[in-house]
Structure formats: C-alpha cells, structure tokens
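Understanding the architecture of this molecule
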Amino acid sequence: SWAPQFSHLYERNLKGLQGILLALKRQPLAGIRYAGSSACAEELAKDLYDAISTDEIFVFRRKKRGTGGTLLLVLDRRDDPVTPLLSQWTYQAMVHELL
C-alpha cells in the first residue's frame, strides 16, 4: 500500500527492525505497540508482527518467569515534538540553513 518511491524505504525499516530483534535475540512477547495516529507506524507494526509469527527463526529459549518480556514501541518521526526545538530560531541560523 506504499507509494512505489517509498516502498524500498519501508522494506529497509522492516528488515532493520527484524535484524535488531534477531541480533539481540529478543521476541516482543509483551507486545508491539504503535502510535495510533500514524498509519505508517500501524502498518509497520502489523507487518513486523506477521513476520515474527510466521518465521521460525524468531523462536528463542524462554527466559526465567517473572522477567516480563520485550515490548517493542513503533513511533512516527512526524510526531516528534523535540526535533524542531533543537534548531536555532535566529534569522542568521535560518538563512544559514537555506544556503
């Protein structure tokens, strides 16, 4: 459902999350949560859940009981309130960014 010009970026993010989970030997047993206002985060979380549940490589030995589990949180960078505050708000800084 992604536009063709962005589908390779979506696949790269999906494969990257799978790679991190495999490298850390973690399976998000506590669940995968996503930002409800973002269709992108929702689709990524659902595709990642489908990949984990269908692929047998994500089956790891269980840890001790009572340790909780891994919770994966998928956020959208468009909802990031901090990043705009990191740039300078002077006219000189704005002109410098444009040039």
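To keep things clear, this report deals only with the structure shown in the data block. Please read all numbers here as calculations on a predicted model, not as lab measurements.

About the thresholds
- Residues numbered from 1 in each chain as written.
- Predicted model: local features only at pLDDT ≥ 70, side-chain atom pairs only at ≥ 80, totals over all residues.
- Heavy atoms only, no water.
- Helix = DSSP H or I, 4+ residues; strand = E, 2+ residues; numbered from the N terminus.
- Buried < 20%, exposed > 50% of the residue type's maximum accessible area, 1.4 Å probe, protein only.
- Areas by Shrake-Rupley, 256 points an atom, 1.4 Å probe, with all protein chains shown as cover.
- Core = buried A, V, L, I, M, F, W, Y, C linked by side-chain atoms within 4.5 Å.
- Polar contact = N/O pair within 3.5 Å; in protein donor to acceptor, adjacent residues only side chain to side chain.
- Contact = heavy atoms within 4.5 Å.
- Patch = residues over 30% accessible without salt bridge, like charges linked within 9 Å, V, L, I, M, F, W, Y side chains within 5 Å.
- Salt bridge = Lys/Arg side-chain N within 4 Å of Asp/Glu carboxyl O.
- Axes fitted to C-alpha atoms, helices over the stretch in contact; angles between N-to-C directions.
- Parallel < 35°, antiparallel > 145°, perpendicular 65-115°, else oblique.
- Left-handed = near helix turned anticlockwise from the far one by under 90°.

1. Observations regarding the overall build of the protein
Scanning the protein for helices and strands turns up three helices and two strands. The helix and strand sequence of the protein, counted from the amino end, reads α-β-α-β-α. The 99 residues of the protein split such that 20% are buried. When the accessible surface of the protein is summed, it comes to about 8,400 Å², and 58% of that surface belongs to carbon and sulfur atoms.

2. A few points about the nonpolar core
By size, the foremost hydrophobic cluster in this structure holds 12 residues: Tyr10, Leu14, Leu21, Ile32, Ala41, Leu44, Ala45, Leu48, Ile52, Phe58, Leu72 and Val74. Every element with two or more residues in this core is listed here: helix 1 (7–23), helix 2 (39–54) and strand 2 (71–74). Broken down by element, this core gets its largest block of residues, five residues, from helix 2.

3. Quick look at the side chain of serine 38
Turning to its location among the elements, serine 38 is positioned in the loop between strand 1 (31–34) and helix 2. Residue classification places serine 38 among the buried residues on the basis of a relative accessible area of 3%. Here aspartate 76 takes part through its side chain, which lies 2.7 Å from a polar atom of the side chain of serine 38. Excluding anything up to four places from it in sequence, serine 38 contacts Asp76, Arg78 and Asp79.

4. Comments concerning a nonpolar patch on the surface
Nonpolar side chains collect at one region of the surface, where Val95, Leu98 and Leu99 lie side by side and expose about 400 Å² of accessible area between them. Tracing the chain through its elements places leucine 99 in the segment after helix 3 (91–98). Given a relative accessible area of 85%, leucine 99 falls into the exposed group.

5. Some remarks on the packing of helix 1 against helix 2
Helix 2 packs onto helix 1 with a crossing angle of 50 degrees between their chain directions and a minimal axis gap of 10 Å. In terms of orientation, helix 1 lies oblique with respect to helix 2. Relative to helix 2, helix 1 is oriented so that their crossing is right-handed. Contacts between helix 1 and helix 2 involve Tyr10, Leu14, Leu17, Gln18 and Leu21 on the former and, on the latter, Glu43, Leu44, Asp47, Leu48, Ala51 and Ile52.

6. Quick word on the side chain of aspartate 76
Tracing the backbone through its elements, the reader meets aspartate 76 in the loop between strand 2 and helix 3. Of the residues examined, aspartate 76 reaches a relative accessible area of 15% and is grouped as buried. Ignoring anything within four residues of it in the chain, the contact list for aspartate 76 reads Ser38 and Cys40.

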